[in-house]
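Fold and geometry: a report
One-letter residues, chain by chain:
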Amino acid sequence: STQSTWGQPVHACAMLRTKVRLSKLLTLAGFVPSSIKAQTFIDTHHIVATPTDGLEDNKCSFDDDVKTFKMTAASTFVVPDSVLVDGVPIDISSVTFDRSNFKTVALNKPPGYVSSTVKEYDGQRIVLDLLPDELRNLCPPLNIAGRLDKGSTGLVLLTQDGTFLHSITSPGSHVSKTYQVLVRGTADAPVVSAEEISRLTAGGIVLPGETIPCKPCQMQILSTRPERKQTVCEITLVEGRYHQIKKMMDAVGKRVALLHRAAVGSLHLDSLKLEASQWTVLTPEQTTLITNKTDMDD
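Let us look at the structure shown here. Just so it is clear, the model here is predicted, and its values are computed rather than measured. (Residues numbered from 1 in each chain as written. Predicted model: local features only at pLDDT ≥ 70, side-chain atom pairs only at ≥ 80, totals over all residues. Heavy atoms only, no water.)

**Here's the deal with helix α5 (residues 162-169)**
We count it as follows: Residue exposure (1.4 Å probe, protein chains only): buried if accessible area is under 20% of the type maximum, exposed if over 50%, otherwise partly exposed. Note on conventions: DSSP H or I runs of at least 4 residues are helices, E runs of at least 2 residues are strands, and numbering of each starts at the N terminus. As used here, the arc is the angular range of directions from the helix axis to the C-beta atoms. Any pair of residues with heavy atoms lying within 4.5 Å of one another is described as a contacting pair. The term polar contact refers here to a pair of N or O atoms within 3.5 Å; inside protein, the definition further demands a hydrogen-donor-capable atom paired with an acceptor-capable atom, and it admits residues adjacent in sequence only when both atoms are side-chain atoms.
G162, F164, L165 and I168 are the residues of α5 that are buried. Buried positions in α5, seen along its axis, are confined to an arc of 160° and lie on one side of it. Buried residues along α5 sit in contact with β10 (104-109), β11 (143-144), β12 (153-159), β13 (177-184) and α9 (284-290). For α5, the capping residue at the N-terminal end is D161, with a side-chain oxygen 3.0 Å from the backbone nitrogen of T163.

Rendered as C-alpha coordinates:
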(Lines give C-alpha, C1' and ligand atoms only; values in the text may rest on other atoms or scores of the structure.)
Protein backbone atom coordinates (compact mmCIF):
# COMPACT_ATOMS: atom_id res chain seq x y z
CA SER A 1 0.00 0.00 0.00
CA THR A 2 0.96 3.67 -0.32
CA GLN A 3 0.05 6.74 1.73
CA SER A 4 -2.61 9.31 0.97
CA THR A 5 -2.17 13.02 1.59
CA TRP A 6 -3.94 12.45 4.91
CA GLY A 7 -1.52 9.70 5.96
CA GLN A 8 -4.06 6.89 5.50
CA PRO A 9 -3.12 3.78 3.47
CA VAL A 10 -4.29 3.79 -0.14
CA HIS A 11 -4.35 0.39 -1.79
CA ALA A 12 -3.90 1.31 -5.45
CA CYS A 13 -4.66 -2.17 -6.80
CA ALA A 14 -7.89 -2.29 -4.82
CA MET A 15 -8.90 1.10 -6.20
CA LEU A 16 -8.56 -0.26 -9.74
CA ARG A 17 -11.34 -2.77 -9.06
CA THR A 18 -13.84 -0.38 -7.49
CA LYS A 19 -15.34 3.06 -7.99
CA VAL A 20 -14.35 6.38 -6.45
CA ARG A 21 -15.85 9.83 -6.32
CA LEU A 22 -14.03 12.03 -8.86
CA SER A 23 -13.39 14.78 -6.29
CA LYS A 24 -11.72 12.28 -3.95
CA LEU A 25 -9.56 10.82 -6.72
CA LEU A 26 -8.36 14.24 -7.83
CA THR A 27 -7.49 15.08 -4.21
CA LEU A 28 -5.66 11.81 -3.52
CA ALA A 29 -3.71 12.15 -6.76
CA GLY A 30 -2.63 15.68 -5.81
CA PHE A 31 -4.44 17.62 -8.53
CA VAL A 32 -6.27 19.70 -5.92
CA PRO A 33 -5.47 20.40 -2.25
CA SER A 34 -8.96 19.43 -1.06
CA SER A 35 -12.21 18.04 -2.43
CA ILE A 36 -13.92 21.42 -2.24
CA LYS A 37 -11.50 22.70 -4.92
CA ALA A 38 -12.27 19.81 -7.28
CA GLN A 39 -15.22 21.40 -9.09
CA THR A 40 -13.20 24.47 -10.07
CA PHE A 41 -10.43 22.18 -11.37
CA ILE A 42 -12.96 20.17 -13.39
CA ASP A 43 -14.46 23.36 -14.84
CA THR A 44 -11.06 24.50 -16.13
CA HIS A 45 -9.65 21.17 -17.37
CA HIS A 46 -10.74 18.53 -19.87
CA ILE A 47 -11.42 15.40 -17.83
CA VAL A 48 -12.87 12.21 -19.29
CA ALA A 49 -13.61 8.92 -17.56
CA THR A 50 -15.89 5.91 -17.42
CA PRO A 51 -18.67 6.83 -14.99
CA THR A 52 -20.40 4.37 -12.71
CA ASP A 53 -23.29 6.78 -12.20
CA GLY A 54 -24.39 10.27 -13.16
CA LEU A 55 -25.77 9.64 -16.64
CA GLU A 56 -29.33 10.21 -15.50
CA ASP A 57 -28.36 13.37 -13.61
CA ASN A 58 -26.49 14.97 -16.53
CA LYS A 59 -23.27 14.89 -14.50
CA CYS A 60 -21.34 13.87 -17.61
CA SER A 61 -21.74 13.86 -21.37
CA PHE A 62 -20.41 11.60 -24.10
CA ASP A 63 -17.29 12.96 -25.82
CA ASP A 64 -17.25 11.84 -29.46
CA ASP A 65 -13.58 12.75 -29.90
CA VAL A 66 -12.30 10.22 -27.38
CA LYS A 67 -15.36 7.95 -27.27
CA THR A 68 -15.84 8.26 -23.54
CA PHE A 69 -17.56 10.59 -21.10
CA LYS A 70 -16.56 14.18 -20.27
CA MET A 71 -16.82 14.90 -16.56
CA THR A 72 -18.73 17.98 -15.43
CA ALA A 73 -19.48 17.23 -11.76
CA ALA A 74 -17.07 16.52 -8.91
CA SER A 75 -19.59 14.21 -7.25
CA THR A 76 -19.60 11.68 -10.13
CA PHE A 77 -18.35 8.20 -9.28
CA VAL A 78 -15.86 6.88 -11.84
CA VAL A 79 -13.71 3.86 -12.60
CA PRO A 80 -10.33 5.10 -11.27
CA ASP A 81 -8.05 3.79 -14.01
CA SER A 82 -10.27 5.30 -16.75
CA VAL A 83 -9.62 8.93 -15.86
CA LEU A 84 -7.71 11.22 -18.25
CA VAL A 85 -6.84 14.79 -17.22
CA ASP A 86 -6.17 16.96 -20.27
CA GLY A 87 -5.47 13.80 -22.23
CA VAL A 88 -3.06 12.29 -19.68
CA PRO A 89 -4.24 9.16 -17.81
CA ILE A 90 -4.08 8.93 -14.04
CA ASP A 91 -2.15 5.68 -13.70
CA ILE A 92 -3.31 4.57 -10.26
CA SER A 93 -0.87 1.66 -10.18
CA SER A 94 2.15 3.95 -10.51
CA VAL A 95 1.06 7.26 -8.97
CA THR A 96 2.77 7.72 -5.63
CA PHE A 97 0.81 9.01 -2.68
CA ASP A 98 3.97 9.24 -0.57
CA ARG A 99 4.33 12.97 0.07
CA SER A 100 8.08 12.62 0.58
CA ASN A 101 8.43 11.94 -3.16
CA PHE A 102 6.50 15.03 -4.25
CA LYS A 103 8.51 17.80 -5.89
CA THR A 104 8.38 21.50 -5.08
CA VAL A 105 9.89 23.90 -7.62
CA ALA A 106 11.09 27.47 -7.06
CA LEU A 107 11.03 29.74 -10.10
CA ASN A 108 12.32 33.27 -10.61
CA LYS A 109 9.39 34.60 -12.64
CA PRO A 110 10.20 37.23 -15.27
CA PRO A 111 7.63 39.82 -16.39
CA GLY A 112 5.22 38.86 -19.15
CA TYR A 113 4.33 35.39 -17.86
CA VAL A 114 0.95 34.52 -16.33
CA SER A 115 0.95 32.59 -13.05
CA SER A 116 -1.08 29.70 -14.42
CA THR A 117 -0.61 26.06 -15.38
CA VAL A 118 -3.24 26.24 -18.16
CA LYS A 119 -3.19 28.46 -21.27
CA GLU A 120 -6.39 30.40 -21.80
CA TYR A 121 -5.55 31.13 -25.45
CA ASP A 122 -2.90 30.28 -28.06
CA GLY A 123 0.27 32.26 -27.62
CA GLN A 124 -0.29 33.05 -23.95
CA ARG A 125 2.93 32.67 -21.95
CA ILE A 126 2.51 30.87 -18.62
CA VAL A 127 5.08 30.03 -15.95
CA LEU A 128 4.86 26.33 -16.83
CA ASP A 129 6.44 27.20 -20.19
CA LEU A 130 9.68 27.95 -18.33
CA LEU A 131 9.97 24.37 -17.03
CA PRO A 132 11.23 21.27 -18.86
CA ASP A 133 8.90 18.52 -20.03
CA GLU A 134 9.76 16.22 -17.14
CA LEU A 135 8.39 18.79 -14.69
CA ARG A 136 5.46 19.94 -16.84
CA ASN A 137 4.25 16.35 -17.18
CA LEU A 138 4.53 15.21 -13.57
CA CYS A 139 1.70 13.16 -12.10
CA PRO A 140 0.30 14.54 -9.83
CA PRO A 141 0.90 17.82 -11.67
CA LEU A 142 2.58 20.93 -10.30
CA ASN A 143 0.20 23.56 -8.94
CA ILE A 144 1.05 27.18 -8.12
CA ALA A 145 1.35 28.11 -4.46
CA GLY A 146 0.76 31.85 -4.57
CA ARG A 147 0.36 33.72 -7.84
CA LEU A 148 2.03 36.86 -9.13
CA ASP A 149 0.55 39.31 -11.64
CA LYS A 150 1.72 39.10 -15.23
CA GLY A 151 3.91 42.18 -14.86
CA SER A 152 5.33 41.24 -11.45
CA THR A 153 8.54 39.28 -10.91
CA GLY A 154 10.24 37.08 -8.37
CA LEU A 155 9.74 33.90 -6.39
CA VAL A 156 6.94 31.59 -7.54
CA LEU A 157 6.51 28.17 -5.94
CA LEU A 158 4.95 25.18 -7.69
CA THR A 159 4.32 21.91 -5.90
CA GLN A 160 2.86 18.43 -6.42
CA ASP A 161 1.89 18.25 -2.76
CA GLY A 162 -1.70 19.39 -2.23
CA THR A 163 -1.36 19.41 1.54
CA PHE A 164 1.78 21.54 1.38
CA LEU A 165 0.11 23.91 -1.09
CA HIS A 166 -2.82 24.33 1.28
CA SER A 167 -0.44 25.09 4.17
CA ILE A 168 0.99 28.01 2.17
CA THR A 169 -2.11 29.45 0.53
CA SER A 170 -4.94 28.93 3.02
CA PRO A 171 -6.09 32.14 4.77
CA GLY A 172 -5.24 30.71 8.18
CA SER A 173 -1.67 29.70 7.33
CA HIS A 174 -0.12 33.17 7.83
CA VAL A 175 3.01 32.21 5.88
CA SER A 176 4.86 35.49 5.29
CA LYS A 177 5.63 36.84 1.82
CA THR A 178 8.21 39.58 1.32
CA TYR A 179 8.09 41.99 -1.61
CA GLN A 180 10.34 44.72 -2.94
CA VAL A 181 8.16 47.49 -4.33
CA LEU A 182 8.80 50.57 -6.45
CA VAL A 183 6.20 53.15 -5.44
CA ARG A 184 5.39 56.37 -7.30
CA GLY A 185 4.09 59.42 -5.50
CA THR A 186 2.59 62.73 -6.56
CA ALA A 187 3.93 66.27 -6.89
CA ASP A 188 2.49 67.12 -3.47
CA ALA A 189 3.66 63.88 -1.82
CA PRO A 190 6.54 62.50 -3.89
CA VAL A 191 7.73 59.81 -1.43
CA VAL A 192 6.12 57.56 1.17
CA SER A 193 5.95 59.53 4.40
CA ALA A 194 6.42 58.37 7.99
CA GLU A 195 2.70 58.93 8.59
CA GLU A 196 1.82 56.74 5.60
CA ILE A 197 4.21 54.02 6.78
CA SER A 198 2.49 54.02 10.19
CA ARG A 199 -0.91 53.70 8.57
CA LEU A 200 0.19 50.88 6.27
CA THR A 201 1.99 48.83 8.93
CA ALA A 202 -0.58 49.24 11.71
CA GLY A 203 -3.23 47.26 9.87
CA GLY A 204 -6.85 48.27 9.71
CA ILE A 205 -6.99 49.42 6.08
CA VAL A 206 -10.20 48.14 4.48
CA LEU A 207 -9.63 47.38 0.79
CA PRO A 208 -12.27 48.25 -1.82
CA GLY A 209 -15.03 45.66 -1.98
CA GLU A 210 -13.99 44.06 1.32
CA THR A 211 -15.16 44.38 4.92
CA ILE A 212 -12.35 42.72 6.91
CA PRO A 213 -9.42 45.07 7.62
CA CYS A 214 -5.89 44.16 6.53
CA LYS A 215 -3.60 42.65 9.13
CA PRO A 216 -0.51 44.56 10.28
CA CYS A 217 2.53 44.26 8.03
CA GLN A 218 6.21 45.13 8.10
CA MET A 219 7.64 47.87 5.90
CA GLN A 220 11.15 49.19 5.41
CA ILE A 221 12.19 52.07 3.17
CA LEU A 222 15.18 51.06 1.04
CA SER A 223 15.64 54.30 -0.90
CA THR A 224 13.85 57.49 -1.94
CA ARG A 225 14.23 59.79 -4.93
CA PRO A 226 11.90 62.76 -4.37
CA GLU A 227 12.90 64.39 -7.66
CA ARG A 228 11.54 61.31 -9.47
CA LYS A 229 8.62 60.80 -7.07
CA GLN A 230 9.98 57.31 -6.25
CA THR A 231 10.21 55.22 -3.11
CA VAL A 232 11.68 51.72 -3.02
CA CYS A 233 10.46 49.74 -0.04
CA GLU A 234 10.29 46.21 1.30
CA ILE A 235 6.93 44.95 2.55
CA THR A 236 6.21 41.69 4.36
CA LEU A 237 2.63 40.41 4.52
CA VAL A 238 1.09 37.45 6.34
CA GLU A 239 -1.97 37.34 4.11
CA GLY A 240 -2.40 37.16 0.37
CA ARG A 241 -5.36 39.17 -0.79
CA TYR A 242 -5.91 39.99 -4.45
CA HIS A 243 -3.70 42.97 -5.45
CA GLN A 244 -3.24 43.70 -1.75
CA ILE A 245 -0.11 45.85 -1.91
CA LYS A 246 -1.41 47.84 -4.87
CA LYS A 247 -4.69 48.53 -3.08
CA MET A 248 -2.94 49.43 0.19
CA MET A 249 -0.76 51.94 -1.62
CA ASP A 250 -3.80 53.34 -3.41
CA ALA A 251 -5.33 53.93 0.03
CA VAL A 252 -2.50 56.32 0.95
CA GLY A 253 -2.41 58.05 -2.42
CA LYS A 254 0.53 56.16 -3.93
CA ARG A 255 0.87 53.88 -6.96
CA VAL A 256 2.80 50.61 -7.31
CA ALA A 257 5.03 50.76 -10.40
CA LEU A 258 6.95 47.50 -9.94
CA LEU A 259 6.55 44.55 -7.57
CA HIS A 260 9.05 41.75 -6.94
CA ARG A 261 8.53 38.84 -4.53
CA ALA A 262 11.79 38.31 -2.65
CA ALA A 263 10.86 35.61 -0.13
CA VAL A 264 8.19 33.19 1.05
CA GLY A 265 8.55 32.33 4.72
CA SER A 266 12.27 32.06 5.39
CA LEU A 267 13.09 30.97 1.83
CA HIS A 268 14.76 33.92 0.10
CA LEU A 269 15.10 34.09 -3.67
CA ASP A 270 18.63 35.52 -3.37
CA SER A 271 19.77 32.36 -1.56
CA LEU A 272 18.71 30.23 -4.54
CA LYS A 273 20.92 32.23 -6.94
CA LEU A 274 18.36 32.04 -9.75
CA GLU A 275 18.47 34.46 -12.65
CA ALA A 276 15.18 35.53 -14.24
CA SER A 277 13.39 32.52 -15.84
CA GLN A 278 15.58 30.02 -13.98
CA TRP A 279 14.16 27.35 -11.67
CA THR A 280 15.30 24.72 -9.18
CA VAL A 281 13.75 21.70 -7.47
CA LEU A 282 13.90 22.45 -3.76
CA THR A 283 15.56 20.13 -1.28
CA PRO A 284 13.57 19.03 1.79
CA GLU A 285 15.60 21.47 3.87
CA GLN A 286 14.75 24.37 1.55
CA THR A 287 11.09 23.39 1.51
CA THR A 288 11.02 23.47 5.30
CA LEU A 289 12.18 27.10 5.21
CA ILE A 290 8.94 28.08 3.44
CA THR A 291 6.76 27.32 6.43
CA ASN A 292 9.34 28.29 9.05
CA LYS A 293 8.09 30.98 11.38
CA THR A 294 9.39 34.51 10.84
CA ASP A 295 8.93 37.56 13.04
CA MET A 296 5.74 38.35 11.14
CA ASP A 297 4.26 34.91 11.93
CA ASP A 298 4.47 35.28 15.70
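**Regarding the environment of P141**
The residue P141 is located in the loop between α4 (133-136) and β11 in this model. Separated by 17 residues in the primary sequence, P141 and L158 have C-alpha atoms spaced 9.3 Å apart. Beyond its immediate sequence surroundings of up to four residues, P141 is in contact with G30, F31, T159 and Q160.

**Topic: the layout of surface pockets**
Spelled out, the test is: Grid points spaced at 1 Å and placed over the protein atoms alone form the basis of the search, with a cavity being a set where a 1.4 Å probe fits but cannot get out and a pocket an open set showing protein on both sides within 12 Å along at least five of seven lines. Lining residues have an atom within 4 Å of a point. Grid points are joined across faces, edges and corners, and a volume is the space filled by probe spheres set on the points. Any residue that is not Ala, Val, Leu, Ile, Met, Phe, Trp, Tyr, Cys, Pro, Asp, Glu, Lys or Arg is counted as polar, Gly included; the first ten are nonpolar and the last four charged.
Of the voids in this model, the largest pocket is the one considered here, and its volume is about 1,500 Å³. What lines the largest pocket is a set of 49 residues, among which I144, G146, R147, T169 and G240 lie closest to the centre. At the level of elements, α3 (38-44), β11, α5, β13, α7 (244-251) and β16 (255-264) are the ones that each hand at least two residues to the lining of the largest pocket. Looking at which element gives the most residues to the lining of the largest pocket, the answer is α5, with four residues. Split into classes, the residues belonging to the lining of the largest pocket amount to 21 nonpolar, 17 polar and 11 charged. Size it by volume and the second largest pocket reaches roughly 460 Å³.

**A few points about the pattern of salt bridges**
To keep it simple, the criterion reads: The salt bridge criterion pairs a side-chain nitrogen of Lys or Arg with a carboxyl oxygen of Asp or Glu, the two atoms within 4 Å.
Per the stated rule, a full pass over the model turns up seven salt bridges. Residue K246 pairs with D149 through a salt bridge whose shortest N-O separation is 3.2 Å. Of this pair, K246 sits in helix α7 while D149 sits in the loop between β11 and β12, and the two are 97 residues apart along the sequence. Across the pair E227 and R225 runs a salt bridge whose closest N-O atoms are separated by 3.2 Å. With relative accessibility at 37%, the residue R225 sits in the partly exposed group.

**Observations regarding the nonpolar core**
Short version of the rule: As used in this record, nonpolar core signifies buried Ala, Val, Leu, Ile, Met, Phe, Trp, Tyr and Cys residues forming a set joined through side-chain atoms within 4.5 Å.
Counting 34 residues, the largest nonpolar core has L158, V181, I235, I245 and M249 as its most contacted members. With sequence-adjacent residues up to four places away left out, M249 is seen in contact with V183, L200, M219, C233, I235, K254 and V256. Core analysis: the next-biggest nonpolar cluster, separate from the first, contains 20 residues, L22, L25, F41 and A74 among them.

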